[in-house]
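Letter by letter, the chains look like this.
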Amino acid sequence: MAAKQNYGTGRRKTSTARVFVTSGNGEINVNERPLDQYFGRETARMVVRQPLEVVEAADRFNVYVTVKGGGGSGQAGAIRHGIARALVEYDESLRQPLRRAGFLTRDAREVERKKVGLRKARKRPQYSKR
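Cut-offs applied
Within each chain, residues carry numbers counting from 1 in the order of the written sequence. The predicted nature of this model means local features are confined to residues of pLDDT at least 70 and side-chain atom pairs, given and counted, to a pLDDT of 80 or more, with totals for whole chains, interfaces and linings taken over all residues. The basis for every side-chain value is the complete set of heavy atoms in the structure, and neither hydrogens nor water enter the calculation. Here a strand is any run of E in DSSP of at least two residues, a helix any run of H or I of at least four, and the numbering for each starts at the N terminus. The reference for a compact globule is 2.2 Å times residues^0.38; the radius of gyration itself is calculated from the C-alpha atoms. Any residue under 20% of the maximum accessible area for its type is buried, any over 50% is exposed, and the rest in between are partly exposed; the area is computed with a 1.4 Å probe on protein chains only. Should any heavy atoms of two residues lie within 4.5 Å, those residues are counted as being in contact. Note that accessible areas follow from Shrake-Rupley with a 1.4 Å probe, and for residues the cover is restricted to the protein chains shown. Positive charge is attributed to Lys and Arg, negative charge to Asp and Glu, and no charge count is given to His or to the chain ends. Taken as the charge location is NZ of Lys, CZ of Arg, CG of Asp or CD of Glu. We define a salt bridge as a contact between a side-chain nitrogen of Lys or Arg and a carboxyl oxygen of Asp or Glu at a distance within 4 Å. Here, nonpolar core means buried Ala, Val, Leu, Ile, Met, Phe, Trp, Tyr and Cys residues that are tied together by side-chain atoms lying within 4.5 Å of each other.

Per the secondary structure count, the protein chain includes four helices and five strands. Its helices and strands taken in sequence order, the protein chain reads β-β-β-β-α-α-β-α-α from the N to the C terminus. Scaling as 2.2 N^0.38, a compact globule of 130 residues should have a C-alpha radius of gyration of about 14 Å, whereas the protein chain reaches 18 Å, well beyond that. C-alpha atoms of the protein chain, sized along the principal axes, occupy 75 × 30 × 25 Å. Within the protein chain, the proportion of its 130 residues that are buried is 36%. Long-range contacts, defined as pairs at least 24 residues apart, comprise 66% of the intrachain contacts of the protein chain with a sequence gap of at least 6. Counting every atom, the protein chain has about 8,700 Å² of accessible surface; 49% of that belongs to carbon and sulfur. Seen as two clouds, the 28 positive and the 13 negative side-chain charges of the protein chain have centres 17 Å apart.

With that out of the way, let us pick up the pattern of salt bridges. Across all of its chains, the model carries nine salt bridges by this definition. Arg12 is the partner of Asp107 in a salt bridge, and the nearest nitrogen-oxygen pair spans 3.6 Å. Here the residue Asp107 occupies a position in the segment after helix H4 (95–101), and Arg12 occupies one in strand E1 (residues 5–12), the gap between them amounting to 95 residues. Between Arg49 and Asp36 there is a salt bridge, with the nearest N and O atoms lying 3.0 Å from each other.

We now examine the nonpolar core. Grouped together as the largest cluster of nonpolar side chains are 30 residues, with contacts concentrated most on Val30, Phe39, Ile79, Leu87 and Leu98. For this core, the secondary-structure elements that each account for two or more residues are strand E2 (15–23), strand E3 (28–30), helix H1 (35–38), helix H2 (42–54), strand E5 (61–68) and helix H3 (72–90). In terms of residues, this core owes the most to one element, H3, which gives eight residues. Ignoring sequence-local partners within four residues, the contact set of Phe39 consists of Val30, Ala44, Arg45, Val48, Gly72, Gln75, Ala76 and Ile79.

In this section: the environment of Pro97. With respect to the element layout, Pro97 can be found in helix H4. In this structure, the C-alpha to C-alpha distance between Pro97 and Val54, residues 43 residues apart in sequence, is 7.1 Å. Residues contacting Pro97, with those up to four places away along its chain left out, are Val54 and Val55.

In short, geometric facts, not functional conclusions.
Given below as structure tokens:
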């Protein structure tokens, strides 16, 4: 079991994904479950596969992922980020197409905190003139 594997850490919102990419036949396992079983939403599955499709390598690599934190959307984004980083570690020439597609950039948007006196981060109580 001396197969070469490449590693990438992906993050999105509060999710963190540890991604291991090895040469194989296109299997993607997330937390020891197949991708289609782990993510119910088709959009989340599509997001995870995007970096492999951009470099036209969907059936050349096996991907093993452990992901923690956040919800479905954040986890899918974290996995996408991690796969992109692992592919660049595998082959530096893949950096340019992945960078152009925007998969190497960490999406820095986080949930804004709730403020005192407001209902949510920005939603105010109804104003009463009298």
